[in-house]
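Results of the structural survey
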Amino acid sequence: MTTLDLPHLNSLVASPRVLKVLSELHAEAAAEGPYLNPASSLDKFVALDTDKCAFVYLLLRSMGARNVVEAGTSFGLSTIYLALAVGQNALSAAGGPGKVIATELEAHKAARARAHWARAGPDVEPWIELREGDLRETLKTDLPESIDFLLLDIWTPLALPALKLIQSNLKKGAIVVADNVEAAKDGYRELVEYIETPENGFKATSITFSGGLGFYVYLGQE
Ligand SMILES: C[S@@+](CC[C@H](N)C(=O)[O-])C[C@H]1O[C@@H](n2cnc3c(N)ncnc32)[C@H](O)[C@@H]1O
């Protein structure tokens, strides 16, 4: 299988096994053409860019994040970064239990994701709980009491519903990252309006990654 030599992988503390899987999966993702709309992407990775993945991994390590939710998992590539960070944080001196709650609607994508996590092995797989089905149902119950981080990498109409489902469990200082907020500005309008309404408890900026990365900090509702 083709592998890619990705400079962003140097940002990770990771075993050769994990790095090999990431490199192979990024090569697969890069070999796919761009997708035009959700319907045309059913068999595609549509994965988070490598620089964003590395950024999110380092952010989670810096925060010591142990409870993470991913809205939109697809074939599980970004989830590997999240789980690697959560597992390393959980096993650190200041650690404790941790998990990544991953969410995927399409059963065949969920199956591919599980296979990728198995290939990545024990530094990754045990830290992931995959909830298959519509996240508007699967995120309704059994959430960690204190969530550190939410990755919104989902069709834009689902971003705000996902955030609202977990908001009451976000800890103060939790971070929410949304992919492609500039490129998909129209789709994200409701989310951004909600985030920018002071009573909802967030402060926002965006980072100039390709397509724009929304960066929101939950400071809590007064
Ligand atoms: C952009 S992709 C996620 C990519 C992934 N985060 C990565 O970087 O590897 C978005 C995914 O959300 C899934 N999805 C769409 N609607 C959903 C829903 N209602 N509940 C759960 N997942 C959904 C799609 O099937 C798609 O695989």
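Before reading further, recall that the structure is shown in the block above.
None of the values given here were measured: they were computed from a predicted structure.

Basis of the calculations
- Residues numbered from 1 in each chain as written.
- Predicted model: local features only at pLDDT ≥ 70, side-chain atom pairs only at ≥ 80, totals over all residues.
- Heavy atoms only, no water.
- Axes fitted to C-alpha atoms, helices over the stretch in contact; angles between N-to-C directions.
- Helix = DSSP H or I, 4+ residues; strand = E, 2+ residues; numbered from the N terminus.
- Contact = heavy atoms within 4.5 Å.
- Nonpolar A, V, L, I, M, F, W, Y, C, P; charged D, E, K, R; others polar.
- Expected span 1.5 Å × (residues − 1).
- Buried < 20%, exposed > 50% of the residue type's maximum accessible area, 1.4 Å probe, protein only.
- Salt bridge = Lys/Arg side-chain N within 4 Å of Asp/Glu carboxyl O.

**Considerations on the packing of helix α1 (residues 16–31) against helix α4 (residues 107–120)**
Closest axis-to-axis distance for the α1/α4 pair is 8 Å, and the angle between their directions is 145°. Only Arg112, His116, Ala118, Arg119 and Ala120 of α4 make contact with α1, whose side of the interface consists of Arg17, Val18, Val21, Glu24, Leu25 and Glu28. Residues that form the contact of α1 with α4 fall into these classes: 5 nonpolar, 1 polar and 5 charged.

**Here we look at helix α2 (residues 50–63)**
The terminal C-alpha atoms of α2 lie 20 Å apart, and with 14 residues this matches the ideal 20 Å at 1.5 Å per residue to within 8%. Of all the positions in α2, only Thr50, Lys52, Cys53, Ala54, Val56, Tyr57, Leu59 and Leu60 are classed as buried. Contacts made by the buried residues of α2 are with α1, β1 (67–71), α3 (77–90), β4 (147–152), β5 (170–179) and β7 (213–218). Count one or two residues on from α2 and you reach Gly64, which has phi positive near 70°.

**Side note on the pattern of salt bridges**
All chains considered together, the criterion is met by 13 salt bridges. For the salt bridge of Asp148 with Lys171, the shortest nitrogen-to-oxygen distance reads 3.0 Å. Separated by 23 residues along the polypeptide, Asp148 in strand β4 and Lys171 in strand β5 bring together distant segments of the chain. Residue class for Asp148 comes out buried when judged on its relative accessible area of 7%. Close ionic contact of Arg189 with Asp186 constitutes a salt bridge, the shortest N to O distance being 2.6 Å. Using a relative accessible area of 45% as the deciding quantity, one classes Arg189 as partly exposed. It is possible to trace a salt-bridge network through shared partners that takes in Lys20, Glu24 and Arg119.

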